[in-house]
Amino acid sequence: MKMTGSKILLECLRLEGVETVFGFPGGTVINIYDDLVDSPIHHILTRHEQAAVHAADGYARATGKVGVVIATSGPGATNTVTGIATAYMDSVPLVVITGQVPTPLIGNDAFQEADIVGITRPITKHNYLVKDIQDLCRIIKEAFFIARTGRPGPVLIDFPKDIQVTSANFDYPETVSLPGYKPTYSGNLRQVEKAVKMILAAKHPVIYVGGGANTPDAARWLHQLAETLEIPLTTTLMGMGAFPKKHPLSLGMLGMHGTYYANMAVTEADLLVAVGARFDDRVTGSVPHFAPHAKIIHIDIDPTSIKKNVRVDLPIVGDLHDVLEKIVTQLAEFPEEMKRAREETASWRSRIAAWKESHPVRYTPSSLVIKPQFVIEKLRELAPDDAIITTEVGQHQMWTAQFFDFSRPRTFLTSGGLGTMGFGLPAALGAQVAFPERRVIDISGDGSFQMNSQELATLVQFQLPVKIVILNNNYLGMVRQWQQLFFQRRYSQTVLEVPIDFVKLAEAYGAVGFSVSRPDEVEETIRRAFDVPGPVIMEFKVEREENVVPMVPAGKALNEMVLSS
Amino acid sequence: MKHIISVLVENEFGVLARVAGLFSGRGFNIESLSVAPTLDPAISRMTIVTHGDERILEQINKQLHKLINTIRVIDFTGQDRVEREMALIKVSAEEDTRAEVLRIADIFRAKVVDVAPRCYTIEVTGTPGKVEAIVELLKPMGIRELVRTGPVVLGRGPKVVEK
């Protein structure tokens, strides 16, 4: 059957199981938007293309499905760049479709032309320019395949306007042929055998879990591995939720703002089992002093992550589910050794327990002024276990990581790699679209919130009941903290001088706003916000110069933490 | 340490930019790069000369593999190989130096491919070392312009690089 390019696109999306797309129309995608009117695909109109990508990203992180974005050429396309880079750094599967000027005009500096394929080459897993309608179906099929398989990531398809109106036979391929793309899923058995021996021999083992393990499948096997041998486990920011934080074996987060006990455990460990993590500089601190006594097993689907930043004693390339299952299954063949290993590591666990006891995650409470950590604790109490929490980037993000007890995969959506302020609100929007019945909360600061606050309009339009928490300190708090600690309190451009009336802002968009400044009002405000059927801003005027601790200053070793401000 | 790498890629739009962008984006060096289609016109073969320590080379290798359009990556360093590059050298040929230029060309089994009243263009093929050597010898005669292809490489013996 003959169809136009734009109809073919929508039909392909439908066959890929896409129910919702996020986007913003414009001249070079106007045909696609016209065909959307008759399509079963649901479209969420954000108020900025960056937000459309973050929303699709939030949708993808919460569901594990591929998020889809449509944007126009030129500025529409360039506005997607930060969103794409954010998804790329955190390995989130997206397909971003950008309009492009008609093929005869490409390269002529036409109106709203930008070489988005060139611009996004280093921040996509792969990208395409559709030059011939005959290639369209194959490209879309490959784009979804590449986005969701192996180490997931964003794929961009640049789709010129003239090809959208050209007709061709619709024939969606069943399979892809990509001779250069064959991710390794199955972990090498000999490597697994070695890993089992190393794990059984370790006296001070620690499991270090990254975002790769933040899926229900991997998390289940991770749980088994940790529990059968009683191995303490720490997660990165991205790994949060892969293992319940309240679990006795959990060490919480490691790294720059990690817990004292996680950082001490990694420093003293004799075996580090890295699972779907990539040894980011915010995790390792000074690399020569990172886990100095440990042998390192690194399990990851992406071979480039292995030995990139740190030396590795045993690499295992493969899907975490597969590798962890193999390890757990092989371990089961050594019940005696497991028993012995559990006994021999008992003293290690009591050492860690002592660190937990002496240096818990804590803050100094106040009855006069709202402590930001107190708000997070109250949210944790009042939000259900399956609540999805998103954050922006900065102090509030770290406090959320420290004080919220995540217990399920895919419940903490945060920009870990790129560190994108303005991520949280649109990501919450996308997560709420995916799960209309679940509680979705964006924990934000007053600085970050203003980077995508226009998305309040989208929340109201689609009646998405996202609850927005603004921990307002009238500062760009994280930068201010660095200026306080390392730049003699010279607060250069970090004071947000204009007090914003966030209640009025919410109301201007047709949402509900609350603003409180007394600690005894916090709980009541959260309850009231949760009772409102639509989107709500809760502004908490918090202690202005509260710092995030512990803190490992940049370039220092993990055990050189600043413990209080 | 210097490494010579062959990369089989799908002969598609933008592949060269992906490879070049990978090297520049990650701070790897490219000393030379040559690329052309193989017997199968759907596949191109790149020969890249780069340098770095073992860790960097491992990353280059893996990162090249990670590109969707990359089919194979072979590091020929330390392997038995045939390595050749070509240079075209436009060299002054004054009355007093002309004979010497021809003599040098002859010794290197280079060819004079263009003759002008006071200038010869010489084509030389060989290992990078040989090209280096003739360039050094011709320098005193006055090299006006020089272009080199960068080396291409094949493994010795019957074994071939398959896609």
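Residues numbered from 1 in each chain as written. Chains lettered and ligands numbered in written order. Predicted model: local features only at pLDDT ≥ 70, side-chain atom pairs only at ≥ 80, totals over all residues. Heavy atoms only, no water.

*Asks:* Explain the overall build of chain A to me, and be specific about the residues and the numbers.
*Replies:* A count of helical and extended segments in chain A gives 23 helices and 20 strands. Whereas a compact globule of 565 residues would reach a radius of gyration of roughly 24 Å, chain A reaches 24 Å, a difference of no more than 12%. Summarising its shape, the C-alpha atoms of chain A cover approximately 70 × 60 × 40 Å along the three principal directions. Counting every position in chain A, which comprises 565 residues, the buried fraction comes to 60%. Within the structure as shown, chain A displays about 21,400 Å² of accessible surface, and the carbon and sulfur contribution to it stands at 53%. Taking the 54 positively charged and 62 negatively charged side chains of chain A as two groups, their mean positions are separated by 4 Å. (Helix = DSSP H or I, 4+ residues; strand = E, 2+ residues; numbered from the N terminus. Rg over C-alpha atoms; globule rule 2.2 N^0.38 Å. Buried < 20%, exposed > 50% of the residue type's maximum accessible area, 1.4 Å probe, protein only. Areas by Shrake-Rupley, 256 points an atom, 1.4 Å probe, with all protein chains shown as cover. Lys, Arg positive; Asp, Glu negative; His and termini not counted. Charge placed at Lys NZ, Arg CZ, Asp CG, Glu CD.)

*Asks:* I'd like to hear about the interface of chain A and chain B, residue by residue, with values.
*Replies:* At the junction of the two partners, chain A supplies 18 residues and chain B supplies 17 residues. Taken over both partners, the interface formed by chain A and chain B buries close to 1,600 Å², and the fraction arising from carbon and sulfur atoms is 53%. Broken down residue by residue, the surface that chain A buries against chain B is led by Arg121, His126 and Thr304 of chain A, which jointly contribute 33%. Inspection of the region where chain A meets chain B yields one salt bridge. With its nearest N and O atoms 2.7 Å apart, the salt bridge here joins Asp302 of chain A to Lys66 of chain B. One can count seven residue pairs in polar contact (both at pLDDT 80 or more) joining chain A with chain B. For the side of chain A that touches chain B, the element with the most residues is strand E6 (residues 126-129) of chain A, which contributes three residues. Looking at the side of chain A that touches chain B, its residues break down into seven nonpolar, four polar and seven charged. (Contact = heavy atoms within 4.5 Å. Buried area = accessible area lost by both parts, 1.4 Å probe. Salt bridge = Lys/Arg side-chain N within 4 Å of Asp/Glu carboxyl O. Polar contact = N/O pair within 3.5 Å; in protein donor to acceptor, adjacent residues only side chain to side chain. Nonpolar A, V, L, I, M, F, W, Y, C, P; charged D, E, K, R; others polar.)

*Asks:* Pulling in residues and values, what's your account of the side chain of Ser39 of chain A?
*Replies:* Its place among the elements puts Ser39 of chain A in the loop between helix H2 (30-36) and strand E3 (42-45). Polar side-chain contacts of Ser39 of chain A include one of 3.0 Å to the backbone nitrogen of Ile41 of chain A.

*Asks:* Lay out the packing of helix H16 (residues 372-382) of chain A against helix H23 (residues 522-531) of chain A in plain terms, naming residues and giving numbers.
*Replies:* Residue and element names in this part refer to chain A. Viewed as axis vectors pointing N to C, H16 and H23 meet at an angle of 45°, and their least axial separation amounts to 10 Å. With respect to their mutual orientation, H16 and H23 come out oblique. In the packing of H16 onto H23, the handedness of the crossing is right-handed. Seen from H16, the contacting residues are Phe374, Val375, Lys378, Leu379 and Leu382; seen from H23, they are Val522, Glu523, Ile526, Arg527 and Phe530. For the contact of H16 with H23, the residue count by class is seven nonpolar, no polar and three charged. (Axes fitted to C-alpha atoms, helices over the stretch in contact; angles between N-to-C directions. Parallel < 35°, antiparallel > 145°, perpendicular 65-115°, else oblique. Left-handed = near helix turned anticlockwise from the far one by under 90°.)

*Asks:* Account for helix H5 (residues 81-89) of chain A, naming residues and giving values.
*Replies:* Listed as buried for H5 of chain A are Gly83, Ile84, Ala85, Thr86 and Ala87 of chain A. Ser91 of chain A sits one or two positions beyond H5 of chain A and adopts a positive phi of about 55°.

*Asks:* Provide a residue-level description of the pattern of salt bridges, including the pertinent values.
*Replies:* All names here are of chain A. All chains considered together, the criterion is met by 42 salt bridges over all chains. The partner of Arg148 in a salt bridge is Glu16, with the nearest N and O atoms 3.0 Å apart. One end of the pair, Arg148, is in helix H7 (residues 136-148); the other, Glu16, is in the loop between helix H1 (5-15) and strand E2 (20-23), and 132 residues separate them in sequence. The shortest N-O distance in the salt bridge between Glu546 and Lys371 comes to 2.9 Å.

*Asks:* Give me the pairing of strand E20 (residues 536-541) of chain A: which residues, what numbers.
*Replies:* All names here are of chain A. Burial runs high along E20: five of the six residues are buried. Judged from the six bridges that link them, strand E18 (residues 467-472) and E20 form a sheet pairing that is parallel. When the bridges of E20 are listed, Lys467 appears paired with Val536. Sheet topology note: the strand E19 (residues 512-516)/E20 ladder contains five bridges and is parallel. Residue pairing in the sheet places Phe514 in a bridge with Met538 of E20. Following the chain from E19 across H23 to the adjacent parallel E20, one finds a crossover that is right-handed. (Pairing = 2+ DSSP bridges. Right-handed = clockwise from strand over helix to strand, strands pointing away.)

*Asks:* Report on unusual backbone geometry, specifying residues and quantitative values.
*Replies:* All names here are of chain A. Cis peptide bonds are those with omega within 30 degrees of zero, and the linkage from Val549 to Pro550 qualifies with 0°. For Ala291, which is not glycine, the phi dihedral falls at a positive 40°. A positive phi angle, near 60°, is found at Arg410, a position not held by glycine. Tracing the chain through its elements places Arg410 in the loop between helix H17 (395-403) and strand E16 (412-413). By relative accessible area, Arg410 is classed as partly exposed at 21%.

*Asks:* Just give me the short version of the packing of aromatic side chains, but keep the residues and values in it.
*Replies:* Residues and elements named next belong to chain A. One pass over the structure, following the stated rule, counts 13 aromatic pairs over all chains. Taking 5.8 Å as the distance between ring centres and 65° as the angle between the ring planes, the aromatic pair formed by Phe22 and Tyr59 counts as edge-to-face. You can see Phe22 sitting in strand E2 and its partner Tyr59 sitting in helix H3 (residues 49-63), a full 37 residues away along the chain. Accessibility classification places Phe22 together with Tyr59 in one group, the buried group. Seen in terms of ring centroids, Trp482 and Phe486 are 5.6 Å apart; in terms of plane orientation they differ by 80°. Their pairing is edge-to-face. Taken together, the positions of Trp482 and Phe486, both in helix H21 (residues 477-486) and four residues apart, correspond to about one turn of that helix. Given a relative accessible area of 25%, Trp482 falls into the partly exposed group. On the basis of relative accessible area, Phe486 is assigned to the partly exposed category, the value being 32%. One aromatic cluster is present, built from ring pairs that chain together Tyr208, Phe279 and Phe290. One cation-aromatic arrangement involves Arg439 over Phe530; the distance from NZ or CZ to the ring centre is 4.3 Å. (Phe/Tyr/Trp six-rings, centres within 6.5 Å; stacked < 30°, edge-to-face > 60°. Lys NZ or Arg CZ within 6 Å of the ring centre and 35° of its normal.)

*Asks:* Provide a residue-level description of the sheet that holds strand E2 (residues 32-37) of chain B, including the pertinent values.
*Replies:* Residues and elements named next belong to chain B. Strand order in the open sheet formed by four strands is E2-E3-E1-E4, and the pairing between neighbours is antiparallel. Edge strands, defined here as strands with exactly one partner in the open sheet, are E2 and strand E4 (70-75). Between one strand and the next, the sheet's axes are offset by a mean angle of 15°, whatever the strand orientation. The pairing of E2 with strand E3 (residues 43-51) spans six bridges and is classified as antiparallel. Bridge pairing in E3 places Pro37 opposite Ser44. Against the sheet, helix H2 (residues 54-66) engages strand E1 (2-10), E3 and E4, with an angle of about 160° to E4.

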